Amino acid sequence: SAVGLEFENVIVEGPLGNQPAWLTPGEDDTWVILVHDRDAFRREALRALPVLAAGGFPTLTITYRNDPGAPEGGGRYGLGNPEWRDVEAAVAYAVEAGAADVVIYGWGMGAGAAAMFLHGSAEARAVAGLVLDAPLFDPGAVVDADGRAHNVPGLIVGWAKGLATLRWGVDWGALNQVARTEDFEVPILLFHGDVDAVAPVSVSDRFAAALPDLVRYERVSGAGHGACWNADPARYEAALAAFMEEVAAGPAPAPAPGT
């Protein structure tokens, strides 16, 4: 309602229980699944929803484990793993509701969850493309950089990462999407600000350079974490609208009489 769109509160049945979501209608049979960053919550999607609605795309803006109103998942976020299973439930919901395919739109850790979903789920065959905004694509590198910034010895940083693996099962290698670029096969629209202090833009630089045929890279000068739209709304919205027009399957053909 804050952006003047009709919507419905719906429930996605996730692996841990009911996940509240916002559903907006649209006539296209390509749905967009919107996955917010850690601690940003669903309101992060409000900047993108008007553009998607204008293009006729149904949208499903989801919650995932440990969000307010969503199932409790141990009280901590997993940097995209296992949150990807909650994304999987949302994709299954869209397909069951009539989506021919989906575009997953993720911010920060939500983008990481989208990537992990592509690697781990049979439902990934329904994905026509990705929109990634300030993706957290190498959490291990973020931890390393933060340690250097605070003059923490590398040995201590390595010990802390090892402890996270032993205690919580954090697989730093699996979460490093730059090392897994050969696993991406769908078109990607990538936004990243060059003064992002949370998810280093250098990671997206390397990711885009490794996938020049798949990635359309919007590197936005002066934008902080998740703030590319704020820095240049017109550029952001034009890139998003053009990408969606290219990757969407379009309306499904009408069934033949008698089928």
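What you are looking at is a predicted structure, and each value in this text was computed from that prediction instead of being measured.

## Here we look at the nonpolar core
Ile33, Leu60, Val102, Ile104, Phe117, Leu130 and Phe207 are the most contacted members of the largest nonpolar core, which totals 49 residues. A per-element tally of this core places helix 3 (residues 109-120) first, with eight residues. If we ignore the near neighbours within four places in the chain, the residues touching Leu130 are Val103, Ile104, Ala114, Leu118, Phe184, Val186, Pro187, Ile188, Leu189 and Phe243. Within the second largest apolar cluster, 24 residues are counted, among which are Ala45, Val220, Tyr236 and Phe243.

## Some thoughts on the sheet that holds strand 1 (residues 8-14)
Taken together, eight strands build an open sheet; the order of strands is 1-2-4-3-5-6-7-8 and the sheet is mixed. The two strands at the open ends of the sheet, each matched to only one other strand, are strand 1 and strand 8 (215-220). Neighbour-to-neighbour, the strand axes of this sheet turn through a mean angle of 20 degrees, independent of strand direction. In this structure, strand 6 (residues 127-133) lies alongside strand 7 (residues 188-193), joined through four bridges in parallel fashion. Directly across from Leu130, in strand 7, lies its bridge partner Ile188.

## Things to note about unusual backbone geometry
For the bond from Asn81 to Pro82, the omega torsion is 25 degrees, close enough to zero to count as cis. By the secondary structure assignment, Pro82 is in the loop between strand 4 (59-62) and helix 2 (84-96). We note that Asp39 has phi near 70 degrees; this positive angle belongs to a residue other than glycine. Relative to the helices and strands, Asp39 resides in the loop between strand 3 (30-35) and helix 1 (49-54). Its relative accessible area of 48% is what places Asp39 among the partly exposed residues. With a phi angle near 70 degrees, Phe41 is a residue other than glycine that sits in the positive phi range.

## Quick word on the side chain of His36
Structurally, His36 can be placed in the loop between strand 3 and helix 1. A polar contact is formed between the side chain of His36 and the side chain of Asp67, at a distance of 2.5 Å. Residue contacts for His36: discarding those within four places in its chain leaves Phe41, Arg42, Glu44, Ile62, Thr63, Tyr64, Asp67, Trp107 and Gly110.

## Examining the pairing of strand 7
Among the six residues of strand 7, six are classified as buried, and the element is accordingly described as predominantly covered. Neither face of strand 7 is open: one carries Ile188, Leu190 and His192, the other Leu189, Phe191 and Gly193, and all of them are buried. Note that strand 7 and strand 8 share six bridges and pair parallel. Looking across to strand 8, one finds that Gly193 is bridged to Val220. Between the parallel pair strand 7 and strand 8, the chain is carried across by helix 7 (residues 201-210), and the sense of this crossover is right-handed.

## Structural notes on helix 2
Helical geometry note: an α-helix holds 3.6 residues per turn, so side chains three or four residues apart project in the same direction. Taking 1.5 Å of rise per residue, the 13 residues of helix 2 would be expected to cover 18 Å, and the 18 Å separating its terminal C-alpha atoms lies within 8% of that figure. Turning to helix 2, its buried residues are Trp84, Asp86, Val87, Ala89, Ala90, Val91 and Ala94. Where helix 2 is buried, its residues contact strand 1, strand 2 (17-24), strand 3, strand 4, strand 5 (101-107) and helix 3. At the C-terminal side of helix 2, Gly98 shows a positive phi close to 115 degrees.

Here is what the cut-offs are and how they apply
Residues numbered from 1 in each chain as written. Predicted model: local features only at pLDDT ≥ 70, side-chain atom pairs only at ≥ 80, totals over all residues. Heavy atoms only, no water. Core = buried A, V, L, I, M, F, W, Y, C linked by side-chain atoms within 4.5 Å. Buried < 20%, exposed > 50% of the residue type's maximum accessible area, 1.4 Å probe, protein only. Helix = DSSP H or I, 4+ residues; strand = E, 2+ residues; numbered from the N terminus. Contact = heavy atoms within 4.5 Å. Pairing = 2+ DSSP bridges. Axes fitted to C-alpha atoms, helices over the stretch in contact; angles between N-to-C directions. Polar contact = N/O pair within 3.5 Å; in protein donor to acceptor, adjacent residues only side chain to side chain. Right-handed = clockwise from strand over helix to strand, strands pointing away. Expected span 1.5 Å × (residues − 1).

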